[in-house]
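# Survey of secondary and tertiary structure
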Amino acid sequence: MTKIKVWDPFVRVFHWSLVIGFTANALFVDDDSTLHEWVGYAVVALVSARILWGLVGTHMARFASFLPGPAAIMEQVTDMATQRRRTHLGHTPLGAVMIVNLLTTMLAIGATGYMMTTNMFWGLDWVEDTHEALVTWAEISVVLHIAAVIWESWRTGVNLPRAMVTGTKTIPDNVNLVR
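Quick caveat, the model's predicted, so the values are computed rather than measured. (Residues numbered from 1 in each chain as written. Predicted model: local features only at pLDDT ≥ 70, side-chain atom pairs only at ≥ 80, totals over all residues. Heavy atoms only, no water.)

The number of helices and strands found in the chain is six helices and four strands. The secondary structure elements of the chain, listed N-terminal to C-terminal, are β-α-α-α-β-α-α-α-β-β. Dimensions along the principal axes, computed over C-alpha positions, put the chain at roughly 60 × 30 × 30 Å. Classification of the 179 residues of the chain by burial places 39% in the buried group. For the chain, the share of sequence-separated contacts (at least 6 apart) that also reach a separation of at least 24 residues comes to 67%. On the chain, roughly 10400 Å² of surface is accessible, and the fraction owed to carbon and sulfur atoms is 68%. (Helix = DSSP H or I, 4+ residues; strand = E, 2+ residues; numbered from the N terminus. Buried < 20%, exposed > 50% of the residue type's maximum accessible area, 1.4 Å probe, protein only. Contact = heavy atoms within 4.5 Å. Areas by Shrake-Rupley, 256 points an atom, 1.4 Å probe, with all protein chains shown as cover.)

So this is what it looks like as structure tokens:
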């Protein structure tokens, strides 16, 4: 087994704070409450901070270190189809695509949520419908993300949820590491 420090404290705190904020607003907080608005603002602030950290943060946190091209995405799909056991030091290419999807979706949810509080857009059905559709898309994406994390953890033998808690990936000796 090889242990490699991957996720810095900011990335881990961001991840779990986003989980809490989105889950709270999507499932538990009354949509018409002030608390819902403030949790939404907090989520947008978190995502904004993560985007900044993706530009200036530690190596593994930077978007430049993990945004994939089409070839990397196809290589991961091929790995899965051929049962080749390889793991990525940071995010997998498909995981990186999901990150971009979720960050963008969270910002769009925040933007449409804010629009609903303004005089210009208050009461317009399309804004509320878009907001709700984005939340549904985010919920679907989160379920797919969780399923993919479970699948990749099983497929590669790397406990990805533990790595997002501890910051360290434990790579089995029989798994090839992609840096």
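The next subject is the packing of helix α4 (residues 93-115) against helix α5 (residues 125-156). Describing two packed helices takes the angle between their axes plus the distance from one axis to the other. Between α4 and α5, whose axes approach to 9 Å, the crossing angle comes to 155 degrees. Comparing the axis directions of α4 and α5 gives the class roughly antiparallel. Our pair here, α4 against α5, has a crossing hand that is left-handed. The residues of α5 that touch α4, namely those facing Met-98, Asn-101, Leu-102, Thr-105, Met-106, Ala-108, Ile-109, Thr-112, Gly-113 and Met-115, are Trp-126, Val-127, Thr-130, His-131, Leu-134, Val-135, Trp-137, Ala-138, Ser-141, Val-142, Leu-144 and His-145. When grouped by side-chain class, the residues that make up the contact of α4 with α5 number 14 nonpolar, eight polar and no charged. (Axes fitted to C-alpha atoms, helices over the stretch in contact; angles between N-to-C directions. Parallel < 35°, antiparallel > 145°, perpendicular 65-115°, else oblique. Left-handed = near helix turned anticlockwise from the far one by under 90°. Nonpolar A, V, L, I, M, F, W, Y, C, P; charged D, E, K, R; others polar.)

Structurally, the position occupied by Glu-75 is in helix α3 (residues 70-82). A sequence separation of 32 residues divides Glu-75 from Leu-107, and the C-alpha atoms of the two residues are 30 Å apart. Setting aside residues no more than four positions away along its own chain, Glu-75 makes contact with Arg-84 and Arg-86. A polar contact of 3.3 Å, which involves the side chain of Glu-75, links it to the side chain of Arg-86. (Polar contact = N/O pair within 3.5 Å; in protein donor to acceptor, adjacent residues only side chain to side chain.)

Taking 1.5 Å of rise per residue, 20 residues should cover 28 Å, and helix α1 (residues 9-28) covers 27 Å from first to last C-alpha, within 8% of that figure. Among the residues of α1, Val-11, Arg-12, Phe-14, Leu-18, Gly-21, Phe-22 and Asn-25 are the ones counted as buried. Contacts from the buried residues of α1 go to β1 (2-5), α2 (34-56), α4, α5 and α6 (160-166). One side-chain oxygen at the N-terminal end of α1 lies 2.8 Å from the backbone nitrogen of Phe-10; it belongs to Asp-8. (Expected span 1.5 Å × (residues − 1).)

So, to be careful, I would describe these as geometric facts and stop short of saying anything about function.
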